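Now for the letters of each chain:
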Amino acid sequence: MLKTRIITALILAPIAIGGIFFLPPLGFALFTGAIITLGAWEWANMSGIEGQGGRVAYAAVTAAILYALLNVPAVLVLWLALAWWFICFLLVRSYPQGSDRWGSLPMRALMGLFVLVPAWVGLNHLRTGGFQYGEVANNLWVILYVFCVVWVADIGAYFAGRAFGKAKLAPRVSPGKSWAGVWGGLAAVGIFAVIVSSLASASLAETLMLVIASLFTGFVSVLGDLLESMLKRFRGIKDSSQLLPGHGGIMDRIDSLTAAIPVFALIITQLGWLTTGHW
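Rules behind the numbers
Residues numbered from 1 in each chain as written. Predicted model: local features only at pLDDT ≥ 70, side-chain atom pairs only at ≥ 80, totals over all residues. Heavy atoms only, no water. Phe/Tyr/Trp six-rings, centres within 6.5 Å; stacked < 30°, edge-to-face > 60°. Helix = DSSP H or I, 4+ residues; strand = E, 2+ residues; numbered from the N terminus. Lys NZ or Arg CZ within 6 Å of the ring centre and 35° of its normal. Axes fitted to C-alpha atoms, helices over the stretch in contact; angles between N-to-C directions. Parallel < 35°, antiparallel > 145°, perpendicular 65-115°, else oblique. Left-handed = near helix turned anticlockwise from the far one by under 90°. Contact = heavy atoms within 4.5 Å. Nonpolar A, V, L, I, M, F, W, Y, C, P; charged D, E, K, R; others polar. Core = buried A, V, L, I, M, F, W, Y, C linked by side-chain atoms within 4.5 Å. Buried < 20%, exposed > 50% of the residue type's maximum accessible area, 1.4 Å probe, protein only. Patch = residues over 30% accessible without salt bridge, like charges linked within 9 Å, V, L, I, M, F, W, Y side chains within 5 Å. Areas by Shrake-Rupley, 256 points an atom, 1.4 Å probe, with all protein chains shown as cover. Salt bridge = Lys/Arg side-chain N within 4 Å of Asp/Glu carboxyl O.

## So, the packing of aromatic side chains
Two descriptors summarise a pair of aromatic rings, namely the distance from one centre to the other and the angle between the planes of the rings.
Step number 1: Counted by the stated rule, this structure contains ten aromatic pairs.
Step number 2: Ring centres 5.7 Å apart and planes at 25 degrees place the aromatic pair Trp-179 and Trp-183 in the stacked group. Taken together, the residues span about one helical turn, with Trp-179 and Trp-183 both in helix α8 (residues 179-199) at a distance of four residues.
Step number 3: An aromatic cluster is built from Trp-84, Trp-85 and Phe-114, whose rings are joined through pairwise contacts.
Step number 4: It is Arg-55 that lies over the ring of Trp-41; its NZ or CZ is 3.9 Å from the centre.
Step number 5: Sitting over the face of the ring of Phe-28, Arg-127 holds its NZ or CZ atom 5.9 Å from the ring centroid.

## Points about the packing of helix α6 (residues 105-128) against helix α9 (residues 204-235)
Step number 1: Viewed as axis vectors pointing N to C, α6 and α9 meet at an angle of 160 degrees, and their least axial separation amounts to 12 Å. As judged from the angle between their axes, α6 and α9 are roughly antiparallel. Considering only the axes of α6 and α9, their crossing is left-handed. On α9, the residues that touch Arg-108, Met-111 and Val-115 of α6 are Leu-227, Leu-231, Phe-234 and Arg-235.
Step number 2: Considering only residue class, the contact of α6 with α9 consists of five nonpolar, no polar and two charged.

## What about the nonpolar core?
Step number 1: Within the largest apolar cluster, 79 residues are counted, with the highest numbers of intra-cluster contacts made by Trp-43, Trp-85, Leu-126, Leu-227 and Met-230.
Step number 2: Top element by residues in this core is helix α10 (residues 250-270). It accounts for twelve residues.
Step number 3: In this view, Met-230 contacts Leu-91, Val-92, Tyr-95, Trp-102 and Val-173; residues no more than four positions away in its chain are not counted.

## A look at a nonpolar patch on the surface
Step number 1: Judged by side-chain polarity, Phe-86, Ile-87, Phe-89, Leu-90, Trp-179, Trp-183 and Phe-219 come together as a nonpolar surface patch covering roughly 680 Å² of accessible area.
Step number 2: Broken down by secondary-structure element, the contributors of at least two residues to the nonpolar patch are α4 (74-94) and α8.
Step number 3: The element that contributes the greatest number of residues to the nonpolar patch is α4, accounting for four residues.
Step number 4: Assessed through its relative accessible area of 53%, Trp-183 is described here as exposed.

## So, the pattern of salt bridges
Step number 1: Considering all chains together, one arrives at four salt bridges under this definition.
Step number 2: Between Arg-235 and Glu-50 there is a salt bridge; the shortest N-O distance is 3.8 Å. Of this pair, Arg-235 sits in helix α9 while Glu-50 sits in the loop between α2 (25-46) and α3 (52-68), and the two are 185 residues apart along the sequence.
Step number 3: Look at Glu-50 and you get exposed, because its relative accessible area is 62%.
Step number 4: With a shortest N-O distance of 2.8 Å, Lys-232 and Asp-252 are connected by a salt bridge. Remark: Asp-252 occurs in helix α10 and Lys-232 occurs in helix α9; sequence separation between them is 20 residues.
Step number 5: With relative accessibility at 11%, the residue Lys-232 sits in the buried group.
Step number 6: Taking the relative accessible area as the measure of exposure, Asp-252 reaches 10% and is therefore buried.

## Quick notes on unusual backbone geometry
Step number 1: Residue Pro-96 is bonded to the preceding Tyr-95 through a cis peptide linkage, with omega at 10 degrees.
Step number 2: With respect to the element layout, Pro-96 can be found in the loop between α4 and α5 (99-102).
Step number 3: Residue Ser-201 is not a glycine yet carries a positive backbone phi of 55 degrees.
Step number 4: Mapped onto the elements, Ser-201 comes out in the loop between α8 and α9.

See the structure below:
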């Protein structure tokens, strides 16, 4: 299994790096749209659509929605995403109670759109908008930053959870996660934000705002992970798919990012560090 995971990672890493950091904005939109569409194909299964035709149709509808939103103001979608993740907090917190309100196939399918579509909108808003933080004005750096926030939170949570993880975070959703892991992950994110701010020659006020934005984003990224775990547990499956040998599916790799990206994009837009761009 470890060998399979390494081989898959070695194949996918250059594709992901090339698609995200070396494509022009439209190519970036198409590349990320393809990833989101594959995620939608997997979400169809998590929502209870078992037939291949139905899963493909759900993915096609998701792709059509992405296309329809090309010229829709991103901030509107991002505000809706923030509201959605607040609702998700309540859903995860109350599970399994309340699952009768969202457990039907249509509701779970709708949930997938609220997860996937804003992630794509937020990512492309980061790619095309005008960005300025400290002495940094390259959009690609802010995309890398939000990815790193999620990765740093995961790494910090892993080590803190192993060392101190007795109090479980959401045992009915994801028994392996602990409150110590959350606090350890957020501590790592805070330190990372300070380091990055220093490298960007940002002011003290900018540094403080970045730390707060990053901590909130890191917390929301945990919700992205928990929501997918809740859906898989409700559906009775372990992985979203087997598209990535040794890694599960696309959604298993981007669940935290789907929450973090739109929220972080909204925050830095409201702070004035990111302005609406053009294709």
